[in-house]
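# Observations on the model geometry
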Amino acid sequence: MFEQGRPLETSGPGRRRSDQAHQAILQATIEVLSQEGYRAMTIEAIAARAGVGKKTIYRWWSSKAFVTLEALTVYTEEHTPFSDTGSLEGDLLTYFEHSFAGLQGKAGTALSGMTAEAQLDPEFAREFQRMFIVPRKQELVELLQRGMQRGELAADTNLDVLADLIYGAKWYRFLLYPKPLDDAFAKEIVTLILRLRPEA
């Protein structure tokens, strides 16, 4: 779920006017998503909230899906950190806590809408993978790598496949299977992963 009243931390002093407009549009997109949801959101509503014309938005993004993708990518990077708690268990539980929360409410609706868009638009699918899916998966692989380096995973564990399994479980429940993304589910996944710990 989106946090209210906290701007995206992507602008700073000395920004050119075009940069400021760009960031205002991303912030407006998050705010309109929070209030109206993805399906009801329009480019007109984003433009009005950002104080720009529609032409300004279409200068950088070809559709609602593309501007939503960039806004959610920035938002997710700031609000779903891959924390280093000092243990694989702690890192994964923290990841699931933030990740599951980000799939609730209108934020989750936006992601499911973009997932559907990716099935219909190959160009958007490539951008969705490049901007959102691949970087987040790489960060998860790095989280698992830290666990391996601490001896919490066997040295021959295929971390790429393990990350796919984690994402597969999460997205399966999110998109297809009507069971909750909750603490109990997160703990079950983490328990299974910790069984990959090498024998003493």
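Reading the values: rules and limits
- Residues numbered from 1 in each chain as written.
- Predicted model: local features only at pLDDT ≥ 70, side-chain atom pairs only at ≥ 80, totals over all residues.
- Heavy atoms only, no water.
- Helix = DSSP H or I, 4+ residues; strand = E, 2+ residues; numbered from the N terminus.
- Buried < 20%, exposed > 50% of the residue type's maximum accessible area, 1.4 Å probe, protein only.
- Axes fitted to C-alpha atoms, helices over the stretch in contact; angles between N-to-C directions.
- Parallel < 35°, antiparallel > 145°, perpendicular 65-115°, else oblique.
- Left-handed = near helix turned anticlockwise from the far one by under 90°.
- Contact = heavy atoms within 4.5 Å.
- Nonpolar A, V, L, I, M, F, W, Y, C, P; charged D, E, K, R; others polar.
- Expected span 1.5 Å × (residues − 1).
- Phe/Tyr/Trp six-rings, centres within 6.5 Å; stacked < 30°, edge-to-face > 60°.

## Some words on the environment of Ala107
Locating Ala107 in the fold gives a position in helix H6 (residues 105-120). Ala107 sits in the buried class, given a relative accessible area of 4%.

## Re the packing of helix H4 (residues 64-79) against H6
Close contact between H4 and H6 brings their axes to 11 Å; oriented N to C, the two are set at 130°. Relative to H6, the element H4 lies oblique. The element H4 and its partner H6 pack so that their crossing is left-handed. Together, Ala65, Thr68, Leu69 and Leu72 of H4 and Ala110, Leu111, Met114 and Glu117 of H6 make up the contact between the two elements. Here the contact of H4 with H6 is composed, by residue class, of 6 nonpolar, 1 polar and 1 charged.

## Some thoughts on H4
For H4, with 16 residues, the first-to-last C-alpha span of 22 Å sits near the 22 Å given by 1.5 Å per residue. Across the 16 residues of H4, 14 count as buried, placing the element largely inside the fold.

## A closer look at the packing of aromatic side chains
Throughout the structure, instances matching the rule amount to 11 aromatic pairs. Here Phe100 and Phe185 contribute two aromatic rings whose centre-to-centre distance is 6.1 Å and whose plane-to-plane angle is 15°, an arrangement assigned as stacked. Of this pair, Phe100 sits in helix H5 (residues 88-102) while Phe185 sits in helix H9 (residues 183-194), and the two are 85 residues apart along the sequence. Using a relative accessible area of 13% as the deciding quantity, one classes Phe185 as buried. Relative to Phe174, the ring of Trp171 lies with its centre 5.6 Å away and its plane at 85°, an arrangement referred to as edge-to-face. Taken together, the residues span about one helical turn, with Trp171 and Phe174 both in helix H8 (residues 159-175) at a distance of 3 residues. Per residue, the accessibility class of Trp171 equals that of Phe174, and both read buried.

Any functional reading would require information that these geometric values do not contain.
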